[in-house]
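Structural overview for review
Listed below are the residues making up each chain.
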Amino acid sequence: MRVYVLNGPNLGRLGTRQVDVYGVTSYADLVNLCVDTGRELGLDVVVRQTDAEHELLGWLHEAADEEAAVVLNPAAWSHYSIAVRDACAMLRGPLVEVHISNIHAREEFRHHSVVSAVATGVICGLGVDGYRLALHHLAARRDAGA
Ligand code: DQA
């Protein structure tokens, strides 16, 4: 089963970006964590990051066409991009929204995600472990035939 792990703006800077908020795991480490977890679970994991909204939209369209599962950290777009939400609403496989930080414990403008209402589920505040947990959930759904 193919799973796209898609990351929005500034997540390519993980490891040096606000380490007090996002931790010291680098983006390269995050990619390895997702690929290794996928290998363990028998998932074909493709990890991507972009700072360009149109690129993320294209990847979401691709995932929709393939009926693939998606783990998405929309980053700042979570809070205002109706275009990202609309592309998520077109997905035909499950969508797990992940945030590394607890967006509810931060500035008020981060408390609402426009994506959450069209996601299958949301994980936030568990650090990069949220990605691992999201992949385990998707493998469990596959095993349950869901
Ligand atoms: C984030 C939280 C967002 O508010 C922020 O803009 C990000 C990362 C997270 O993973 O905690 O870039 O999505």
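Rules behind the numbers
Residues numbered from 1 in each chain as written. Predicted model: local features only at pLDDT ≥ 70, side-chain atom pairs only at ≥ 80, totals over all residues. Helix = DSSP H or I, 4+ residues; strand = E, 2+ residues; numbered from the N terminus. Rg over C-alpha atoms; globule rule 2.2 N^0.38 Å. Core = buried A, V, L, I, M, F, W, Y, C linked by C-beta atoms within 7 Å. Buried ≥ 20, exposed ≤ 12 C-beta atoms within 10 Å, placed from the backbone. Contact = placed C-beta atoms within 7 Å. UniProt positions renumbered as here; feature names shortened; annotations may be inferred. Near = placed C-beta within 6 Å. Nonpolar A, V, L, I, M, F, W, Y, C, P; charged D, E, K, R; others polar. Axes fitted to C-alpha atoms, helices over the stretch in contact; angles between N-to-C directions. Parallel < 35°, antiparallel > 145°, perpendicular 65-115°, else oblique. Arc of directions from axis to C-beta.

A closer look at the overall build of the protein chain
Helix and strand content of the protein chain: five helices and five strands. Counted from the first residue to the last, the protein chain has its helices and strands arranged as β-α-α-β-α-β-α-β-β-α. Computed over its C-alpha atoms, the radius of gyration of the protein chain comes to 14 Å, within 12% of the 15 Å expected for a compact globule of 146 residues. Taken along the three principal axes of its C-alpha coordinates, the protein chain extends 40 × 30 × 25 Å.

Description of the nonpolar core
Membership of the largest hydrophobic core comes to 36 residues, with the highest contact counts inside it found for Val 3, Val 70, Val 71, Cys 88, Tyr 131 and Leu 135. Not counting residues within four places of it along the chain, the set of residues in contact with Leu 135 comprises Val 3, Cys 34, Thr 37, Gly 38, Leu 41, Leu 43, Val 45 and Val 71.

Observations regarding the UniProt feature "site: Transition state stabilizer" (unreviewed entry) in the protein chain
When the UniProt feature table is mapped onto this chain numbering, "site: Transition state stabilizer" (unreviewed entry) sits at Arg 17. Looking at the element boundaries, Arg 17 is found in the loop between β1 (2–7) and α1 (19–22). With 14 C-beta atoms packed within 10 Å, Arg 17 lands in the partly exposed category. Contact partners of Arg 17, with chain neighbours within four places excluded, come to Asn 10 and Tyr 22.

Side note on the site of the ligand
Every residue lining the ligand is accounted for by Asn 10, Asn 73, Ala 75, Ala 76, Ser 78, His 99, Ile 100, Ser 101, Ile 103 and Arg 110. Here the shell around the ligand is composed, by residue class, of four nonpolar, five polar and one charged.

Quick notes on the packing of helix α3 (residues 53–66) against helix α4 (residues 82–89)
Relative to each other, α3 and α4 sit at 10 degrees, their axes nearing to 9 Å. Accordingly, the angle class assigned to the pair α3 and α4 is roughly parallel. For the pair α3 and α4, the contacting residues are Glu 53, Leu 56, Leu 57, Leu 60 and His 61 in the first and Ala 83, Val 84, Ala 87 and Cys 88 in the second. Of the residues in the contact of α3 with α4, the class split is seven nonpolar, one polar and one charged.

A look at α4
Those residues of α4 that fall on the buried side of the exposure criterion are Val 84, Ala 87 and Cys 88. The arc that holds every buried residue of α4, seen down its axis, measures 100 degrees, which confines them to one face. The inward-facing, buried residues of α4 abut α3, β3 (69–73) and β4 (95–99).

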